[in-house]
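These are the residues of each chain, in order.
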Amino acid sequence: MKHKRTTTAVAAALAGALALTGCTGQSGGGGDTDDSTLTIWHYENEDSAMGKAWAEAITIFEEENPDVTVDVEKQTFEQIQKNAKIVLTGDDVPDVMEFNKGNATAGQLAAQGLLNPLTDAATERGWDEKLTGSLATTATYDEQGLMGSGEWYGVPNYGEFVGVYYNKDMFAEHGLEVPTTLDEFDDVLATFKKEGITPLAEAGAEYPLGQLWYELVLAYGDRALVDDYQLFANDVDFHNEAMTKATEKLDEWIEKGYIASDSAALTAEDMGVSFIDGTYPLMVSGSWWFGRLATEVEADWGQFNFPGNTLHTGSSGNLWVVPANADSPSLAEEFIDITLRPEVQNILAAEGGLPVAGDASAIEDERTRELTENFQAILDEDGLAFYPDWPVAGYYDVIVSELQSLVNRSKTPDEVLDGLQSSYDDGKADLLDG
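Since this is a predicted model, take the numbers as computed values, not measurements.

Draft legend 1. The arrangement of the nonpolar core in detail. Judged by nonpolar contacts, the single largest core of 76 residues is most densely connected at Phe-185, Trp-213, Tyr-229, Leu-250, Trp-253 and Leu-282. No other element matches helix 10 (residues 208–220), which puts 7 residues into this core. Each residue touching Leu-250, except ones within four places of it in the same chain, is listed here: Leu-209, Leu-212, Trp-213, Leu-216, Ile-259, Leu-403 and Leu-406. Counting 58 residues, the second largest nonpolar core, distinct from the first, contains Met-50, Trp-127, Tyr-280 and Ile-378.

Draft legend 2. Structural view of a negative patch on the surface. Together, Glu-177, Asp-183, Glu-184 and Asp-187 make up a negatively charged patch on the protein surface. Position of Glu-184 among the secondary structure elements: in helix 9 (residues 182–194).

Draft legend 3. Inspection of helix 15 (residues 329–339) at higher detail. Helix 15 sits mainly inside the fold: 9 of its 11 residues count as buried. For helix 15, the complete set of buried residues consists of Pro-329, Leu-331, Ala-332, Glu-333, Phe-335, Ile-336, Asp-337, Ile-338 and Thr-339.

Draft legend 4. Highlighting the side chain of Glu-333. Note on placement: Glu-333 falls in helix 15. Despite its burial, Glu-333 pairs with no opposite charge; the closest candidate is Arg-125, at 4.5 Å N-O.

Draft legend 5. Geometry of the confidence of the model for the chain. Looking at the chain, pLDDT values average 91 and 92% of them are 70 or higher. Every residue in residues 1–8 is under pLDDT 50, and counting partners more than four places away or in other chains gives 21 contacts. Counting contacts from residues 15–31, a segment whose pLDDT is below 50, to residues more than four positions away or on other chains yields 33 contacts.

Draft legend 6. Up close: the sheet that holds strand 3 (residues 96–99). Taken in spatial order, the 5 strands of this open sheet run 2-1-3-12-6, and their pairing is mixed. The sheet is open, and its two borders are formed by strand 2 (69–74) and strand 6 (155–156), each paired with just one other strand. The strands touched by helix 2 (residues 49–64) are strand 1 (37–42), strand 2, strand 3 and strand 12 (319–321); relative to strand 2, the strand with the most contacts, the crossing angle is about 160°.

Draft legend 7. Spatial organisation of the pairing of strand 1. By the criterion of burial, strand 1 is predominantly enclosed, with 5 of the 6 residues buried. Looking at chain direction, strand 1 and strand 2 are connected through 6 bridges and run parallel. Looking at the pairing, Trp-41 lines up with Glu-73 of strand 2. Taken together, strand 1, helix 2 and strand 2 constitute a β-α-β crossover, and its handedness is right-handed.

Draft legend 8. Quick look at the pattern of salt bridges. Inspection of every chain in the model, using the stated rule, returns 16 salt bridges. A salt bridge links Glu-64 to Arg-341, with the shortest nitrogen-to-oxygen separation between them at 2.8 Å. Highlighted residues: Glu-64 in helix 2 and Arg-341 in the loop between helix 15 and helix 16 (342–350), separated in sequence by 277 residues. Two residues, Glu-252 and Lys-256, come together in a salt bridge whose shortest N-O distance is 3.1 Å. Note on Glu-252: relative accessible area 27%, which makes it partly exposed.

Draft legend 9. The packing of helix 2 against helix 15, seen in detail. Interaxial distance between helix 2 and helix 15 falls to 9 Å at its minimum, and their mutual angle equals 125°. On the basis of the axis angle, helix 2 is oblique to helix 15. Crossing hand, helix 2 versus helix 15: right-handed. Taken together, the residues of helix 15 that come into contact with helix 2 (itself represented by Trp-54, Ala-57, Ile-58, Ile-60, Phe-61 and Glu-64) are Leu-331, Glu-334, Phe-335, Ile-338 and Thr-339.

Draft legend 10. Layout of the environment of Phe-238. With respect to the secondary-structure elements, Phe-238 resides in the loop between helix 11 (223–231) and helix 12 (241–255). The buried category is assigned to Phe-238, whose relative accessible area is 0%. Separated by 199 residues in the primary sequence, Phe-238 and Thr-39 have C-alpha atoms spaced 45 Å apart.

Draft legend 11. Up close: the packing of helix 10 against helix 12. At a minimum axis separation of 8 Å, helix 10 and helix 12 run at an interaxial angle of 130°. Relative to helix 12, helix 10 is oriented oblique. Seen along the crossing, helix 10 lies across helix 12 with a hand that is right-handed. Residues Leu-209, Leu-212, Trp-213, Leu-216, Val-217 and Tyr-220 of helix 10 lie in contact with helix 12, whose contacting residues are Ala-242, Met-243, Lys-245, Ala-246, Thr-247, Lys-249, Leu-250 and Trp-253. Here the contact of helix 10 with helix 12 is composed, by residue class, of 11 nonpolar, 1 polar and 2 charged.

Draft legend 12. Highlighting the pairing of strand 3. Where burial is concerned, the two faces of strand 3 agree: the one with Val-96 and Glu-98 and the one with Met-97 and Phe-99 are both buried. Two elements, strand 1 and strand 3, share 2 bridges in a ladder whose sense is parallel. The partner of Ile-40 across the bridge, within strand 3, is Val-96. In this structure, strand 3 lies alongside strand 12, joined through 3 bridges in antiparallel fashion. For Met-97, the partnering residue across the bridge sits in strand 12 and is Val-321.

Draft legend 13. Focus on the environment of Gly-163. Tracing the chain through its elements places Gly-163 in strand 7 (residues 159–167). Relative accessible area serves as the criterion here: at 2%, Gly-163 is assigned to the buried category. Between the C-alpha atom of Gly-163 and that of Ala-49, which follows or precedes it by 114 residues, the distance is 19 Å.

What counts, and where the lines are drawn
- Residues numbered from 1 in each chain as written.
- Predicted model: local features only at pLDDT ≥ 70, side-chain atom pairs only at ≥ 80, totals over all residues.
- Heavy atoms only, no water.
- Core = buried A, V, L, I, M, F, W, Y, C linked by side-chain atoms within 4.5 Å.
- Buried < 20%, exposed > 50% of the residue type's maximum accessible area, 1.4 Å probe, protein only.
- Helix = DSSP H or I, 4+ residues; strand = E, 2+ residues; numbered from the N terminus.
- Contact = heavy atoms within 4.5 Å.
- Patch = residues over 30% accessible without salt bridge, like charges linked within 9 Å, V, L, I, M, F, W, Y side chains within 5 Å.
- Areas by Shrake-Rupley, 256 points an atom, 1.4 Å probe, with all protein chains shown as cover.
- Salt bridge = Lys/Arg side-chain N within 4 Å of Asp/Glu carboxyl O.
- Lys, Arg positive; Asp, Glu negative; His and termini not counted.
- Charge placed at Lys NZ, Arg CZ, Asp CG, Glu CD.
- pLDDT = per-residue confidence, 0-100.
- Pairing = 2+ DSSP bridges.
- Axes fitted to C-alpha atoms, helices over the stretch in contact; angles between N-to-C directions.
- Right-handed = clockwise from strand over helix to strand, strands pointing away.
- Parallel < 35°, antiparallel > 145°, perpendicular 65-115°, else oblique.
- Left-handed = near helix turned anticlockwise from the far one by under 90°.
- Nonpolar A, V, L, I, M, F, W, Y, C, P; charged D, E, K, R; others polar.

Listed below in structure tokens is the structure:
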């Protein structure tokens, strides 16, 4: 999500950092401790679930630390993402900062010594007990910056996942119920197609089609495949049973017209609008669409987890990280801990923010409760399997291009898998050698 935010802090810190040539920022514990001020950088709108929850966390922090001044600087996602490495080598850095998770983002900062390890705090404050399994994978990074092991370098307090949004009115009109298996999902798609309705809203020019492909991989795969693909536990043969069946299933859906022939050129926005206006009865996409759908869809609608899967596309949300040069790392850890308290987590829950430690039963809105319960069901099965483009740098564009070729009928499933394999292997070699 993108929102209007002030950006003066990043600009000033960037200018300062550029003037400090040769500064490495690898002190591991910040400079002189200053417990009179806590500086927070984040990029969430004040009306979002995260913005509201974190505002409450700040209020609690201020009540418990009346002698501390809290300085909140709202940044843009793009500026922090682009300039973090440069900014964090200087001395004008925040004490705690929202940052994207994964090998190519938080992992790189951790490997370069630009983030404070949080392992001791995670143990002492019980974060390692609240955040376990796949939810915690994005919080830890090894010496190469690969997620899933090593020190804690970040703490998430919300989550996100890909599921299926559906138009209840259209389902009722055609006598359909929510499918619980992939075969039943196939039957639903076939029924709509027989009635002259293309069932799946899709977008091949951006992330959605790749996430649908990955959901199918997860339908046929298991946790071992996820660990091999995402965490490099073992080499991956893209012509394995799961990836082959998934790619052939997606090809079959395209051939049968379950996905529109022009979807290769469509964006995620195109996809969302076409579901909102009732052109398509189904949309496989992320929880980040929930708030907009709740505002704009006039028909009755709902959401269910991808039928039959125990593994799902998704992860923790963005991380709270503490820069190595932070002046007040202990205050930063206290603030992070507050964001995991029930009173803050329950605000996330009520606003559809998918808390990692909230109480879904306290949510009054039916759709919001349903979304949160679906996410909790995934967590209960340790079912977060991350995103298909995460393993190596530049893989997002590769997945988009290869799957567009499938929609355009210019490549076979085998040829698509060959293309995915080649780029994956090259990127993995570059990452491990680097």
